[in-house]
Amino acid sequence: MTTNEREAVLAMLNSAHVTEPTRRALLERLDARYGREFFDEAEFGRLRALAVRLVPHDPAEMDLTGTVDHRLIVGIGDGWRYADALPDGEAYRELLASLPEGFETLDGAAQDAAIPTVQSSHPHAFEDLLAELTEAFMAHPLTQYRFGYAGFADAPNWPQVGPNELEPREVAYGPR
């Protein structure tokens, strides 16, 4: 994240257009970094490599791997899973164990070639992990800024706009 991007994100989050509860949640996401707690070091490295292939991002900017690890250690979830599926942590460990040895050191093309086999052998775990990583990525303020999304500006009195229209204040946010 460049200094300009960070300043732009902070300007929007600290504006009068964002309510305090939303501001708090998004500021927490902006700088969230978690230590490895649930996965062992090897699993965590494989998860990070897989996460970067599934949802391209810079782990130094957003800690998607740590977000997954943290959720598992605190025991929260979205409230459902397939009836025949293992709990998320166990399912993710099995998925990670099925990756080729040294997956995290393979080049991108070799990693991409290995993913379909893992996906077909652990379809529910793969689907859940992909959804979780995507949700964390899209909920991150930097992603929202880069997409030019300002829908989190939830203060009252937003005027009505039509499809494919922006409010005057929305034009000021997002990359130029």
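These remarks concern the structure in this document. (Residues numbered from 1 in each chain as written. Predicted model: local features only at pLDDT ≥ 70, side-chain atom pairs only at ≥ 80, totals over all residues. Heavy atoms only, no water.)

### Describing the packing of helix α3 (residues 41-54) against helix α6 (residues 108-121)
Here is the rule we go by: Note on geometry: axes are lines fitted to C-alpha atoms, helical ones only across the stretch in contact, with angles between N-to-C directions running from 0 to 180 degrees. Secondary structure elements follow DSSP: runs of H or I of four or more residues count as helices, runs of E of two or more count as strands, with numbering from the N terminus. What sets the label is the angle itself: under 35 degrees gives roughly parallel, over 145 gives roughly antiparallel, 65 to 115 gives roughly perpendicular, and the rest give oblique. In what follows, residue pairs with any heavy atoms lying within 4.5 Å of each other are defined as contacts. Residues are grouped as follows: nonpolar covers Ala, Val, Leu, Ile, Met, Phe, Trp, Tyr, Cys and Pro; charged covers Asp, Glu, Lys and Arg; every other residue, Gly included, is treated as polar.
Relative to each other, α3 and α6 sit at 90°, their axes nearing to 10 Å. As judged from the angle between their axes, α3 and α6 are roughly perpendicular. In this structure, α3 uses A49, L50, R53 and L54 to contact α6, whose residues at the interface are G108, Q111, D112 and I115. Class assignment of the residues belonging to the contact of α3 with α6 gives a composition of four nonpolar, two polar and two charged.

### Overview of the side chain of T65
For the record, the criterion: To sort residues, take the accessible area from a 1.4 Å probe on protein chains only and compare it with the maximum for the residue type: under 20% means buried, over 50% means exposed, and anything in between is partly exposed.
By the secondary structure assignment, T65 is in helix α4 (residues 64-74). With relative accessibility at 2%, the residue T65 sits in the buried group. With residues near it in sequence (within four places) discarded, T65 still touches F44, L47, R48 and A51.

### Quick word on the packing of aromatic side chains
Keep this limit in mind: Only Phe, Tyr and Trp rings take part, Trp by its six-membered ring, and two of them pair if their centres are within 6.5 Å. Stacked means planes under 30 degrees apart, edge-to-face means over 60, and tilted covers everything else. Our definition puts a charge over a ring when NZ of Lys or CZ of Arg is within 6 Å of the ring centre and also within 35 degrees of the ring normal.
Applying the stated criterion across every chain, the model contains three aromatic pairs. The interplanar angle of 70° and the centroid separation of 5.3 Å between the aromatic rings of W80 and Y82 together place this pair among those described as edge-to-face. In this arrangement the basic side chain of R93 is found over the ring face of F38, its NZ or CZ atom lying 4.1 Å from the centre.

### Side note on helix α7 (residues 123-138)
Using the following cut-off: Multiply 1.5 Å by the residue count of a helix minus one, and that product is the helix's expected span. Read the arc as the range of directions from the helix axis to the C-beta atoms.
In this model α7 runs 22 Å from its N-terminal to its C-terminal C-alpha over 16 residues, within 8% of the 22 Å that 1.5 Å per residue would give. For α7, the full list of buried residues reads A125, F126, D128, L129, E132, L133, A136 and F137. Taken around the axis of α7, the buried residues stretch over an arc of 165°, which confines them to a single face. Those residues of α7 that are buried are in contact with α3, α4, α5 (88-97), α6 and α8 (141-147).

### Describing the nonpolar core
Rules: Nonpolar core, defined: a set of buried Ala, Val, Leu, Ile, Met, Phe, Trp, Tyr and Cys residues in which side-chain atoms within 4.5 Å join the residues together.
One finds F39, L50, V68, L95, L129 and L133 to be the most contacted residues of the largest nonpolar core, which totals 39 residues. Among the secondary structure elements, those contributing two or more residues to this core are α1 (3-13), α2 (20-31), α3, α4, α5, α6, α7 and α8.

### A look at the pattern of salt bridges
The test is simple: Here, a salt bridge means any side-chain nitrogen of Lys or Arg that lies within 4 Å of a carboxyl oxygen of Asp or Glu.
Tallied over the entire structure, the rule returns 10 salt bridges. Two residues, D63 and R48, come together in a salt bridge whose shortest N-O distance is 3.6 Å. Of this pair, D63 sits in the loop between α3 and α4 while R48 sits in helix α3, and the two are 15 residues apart along the sequence. Classification of R48 by relative accessible area gives partly exposed; the value is 31%. Put simply, E5, E61 and R146 are held in one network by salt bridges that share partners.

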